[in-house]
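Letter by letter, the chains look like this.
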Amino acid sequence: MSQPLRRAEQKPDFLPYGRQVVEDDDIEAVAAALRGDFLTTGPLVARFEEALARTVHAEHAVVCANGTAALYMAARALGLGTGSKVIVPSITFLATASAPHLAGAEIVFADVDPDTGLMRPRDLEEALARTGRAHALFNVHLNGQCGEAEEIAEIARRHGLKILDDACHAIGTRYDAAGSEHVVGDNAFSDLTVFSFHPVKTVTMGEGGAVTANDPALAAALRRERNHGMTREPSEFVSIEDGFEAEGRANPWYYELVEPGFNWRATDIQCALGLTQLGKLPRFAARRRALAAAYDSLLAPYAPRLRPIGRTMTCRPTWHLYAVLIDFEACGITRAEAMTRLAAEGIGSQVHYYPLHRQHYYASRYGRRQLPGADRYYARVLSLPFFSSIAVSDVARVTSTLARILKL
Ligand SMILES: Cc1ncc(COP(=O)(O)O)c(C=O)c1O
């Protein structure tokens, strides 16, 4: 059987599962950045950070090269390293676990709700009971939804865990907790929140990522992690003799290595695009909500064999993906066959995600275990074409083609 086509091989009218929406003002902003004095470490970096912090109601935002770098910087800023254990829900992209693992931590996979793919409070309790002491939770707002933030935070704090929200899917999502409405990224129930601005995300920088924080010390640690693990801040200098001149003024050339790190900086070119894109978030989010509602009503006749993923009542998502659950066995077709037949009709689809606890690397490191919720979610999930510029007529075509392929 032939494989689904790669992006570069697809016809122009092919509907990918996700794609960017770049408009003339985005292109003009990038061109202006290219004509400006700074391609990197310039004023657009701080402007983007201010705009993001304002948008998600955070005190600080630190922008960087991509969401994976943001997760890695966050792991380091939280002090995770050799000897640390980090709990990660099994249904997520590789990077949620790879980043803390590369920082030195071992990963403990938590199960998820089989219908939403989100970690539930009891999944966290079960992972904690299994592992004993852990140091951090890297939770995931899968598809743009968030779970029970308050209950999860309560359990995590009781066990002394730092909390990071991987919100790479969830910029603009609002949630209710502790009697009020919150915005993902405000860190009301976490220490840090991570975003990605990859082209399939709701707003893009080409590649880009960010971490939001409310604690200034964490924000300072993130800025060091972004820039080689060094500081130019005189109050942080340890080598007084080399850092300062006789009158006590900091030497203008001096910078100090706190701990070796990488260069994870974002360019002003990326931030120019990020700024114009962030301005479109309300429009893109509203459009995505309307498109999800269109899919929901078009899919209604095909339940229970084909239906949208479960919805949480606690949030108003900015949907990143539109995912459905399919009973492939009852439909008499494999997922691979369905995806290949969709691709042959110009319709992209993808599986988000192959559970991390089943990845060979982790299964051979930690032993193969059953996480029944994650396994069940994975067995049925499929992401359908979903981006801010897709037409409702295309949504209808995707739905009817899929129903025909599934013989519904
Ligand atoms: C949940 C999640 N975390 C992290 C990442 C990594 O982000 P990036 O691709 O910007 O490195 C992604 C990207 O797809 C993601 O979906």
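Residues numbered from 1 in each chain as written. Predicted model: local features only at pLDDT ≥ 70, side-chain atom pairs only at ≥ 80, totals over all residues.

Draft legend 1. Layout of the sheet that holds strand β13 (residues 315-316). With antiparallel pairing, the three strands of this open sheet are ordered in space as β7-β6-β13. The sheet is open, and its two edges are formed by β7 (180-183) and β13, each paired on a single side. Relative to β13, strand β6 (residues 174-177) runs antiparallel, the two being bridged by two bridges. Counted as the bridge partner of Arg174 is Arg316 from β13. (Pairing = 2+ DSSP bridges. Helix = DSSP H or I, 4+ residues; strand = E, 2+ residues; numbered from the N terminus.)

Draft legend 2. Looking closely at the packing of helix α5 (residues 121-131) against helix α6 (residues 149-158). For the pair α5 and α6, interaxial distance at closest approach is 9 Å and the crossing angle is 20°. Considering their axes alone, α5 and α6 lie roughly parallel with respect to each other. α6 is crossed by α5, and the crossing has right-handed handedness. In contact with Pro121, Leu124 and Glu125 of α5, α6 contributes Glu151, Ile152, Ile155 and Ala156. (Axes fitted to C-alpha atoms, helices over the stretch in contact; angles between N-to-C directions. Parallel < 35°, antiparallel > 145°, perpendicular 65-115°, else oblique. Left-handed = near helix turned anticlockwise from the far one by under 90°. Contact = placed C-beta atoms within 7 Å.)

Draft legend 3. Region of interest: the domain arrangement of the protein. When its domains are assigned, the protein resolves into domain 1 (24-279) and domain 2 (281-405). Each of domain 1 and domain 2 has a C-alpha centre, and these two points are 27 Å apart. Looking at the side of domain 1 that touches domain 2, the elements that each hand over two or more residues are β3 (106-110) and β6. When residues of the side of domain 1 that touches domain 2 are assigned to their parent elements, the largest contribution, three residues, is made by β6. (Domains from an automatic or database assignment.)

Draft legend 4. Just the nonpolar core, in detail. One finds Cys64, Ala70, Met73, Ala74, Val194, Val211 and Leu222 to be the most contacted residues of the largest nonpolar core, which totals 122 residues. The residue makeup of this core includes at least three contributed by each of domain 1 (24-279) and domain 2 (281-405). Setting aside residues no more than four positions away along its own chain, Ala74 makes contact with Leu164, Leu192, Val194, Val211 and Leu222. (Core = buried A, V, L, I, M, F, W, Y, C linked by C-beta atoms within 7 Å. Buried ≥ 20, exposed ≤ 12 C-beta atoms within 10 Å, placed from the backbone.)

Draft legend 5. How the structure looks around the sheet that holds strand β4 (residues 136-140). The seven strands are arranged β1-β9-β8-β5-β4-β2-β3 in an open sheet whose pairing can be described as mixed. Two strands bound the open sheet, and with one partner strand each, they are β1 (60-64) and β3. Neighbour to neighbour, the strand axes of the sheet diverge by 20° on average, direction disregarded. As judged from the two bridges shared by strand β2 (residues 85-89) and β4, these two strands associate in the parallel manner. Its bridge partner being in β4, Ile87 is matched across the sheet by Leu137. Those strands touched by helix α7 (residues 216-226) are β1, β8 (192-196) and β9 (209-213), and its axis lies near 10° from that of β1.

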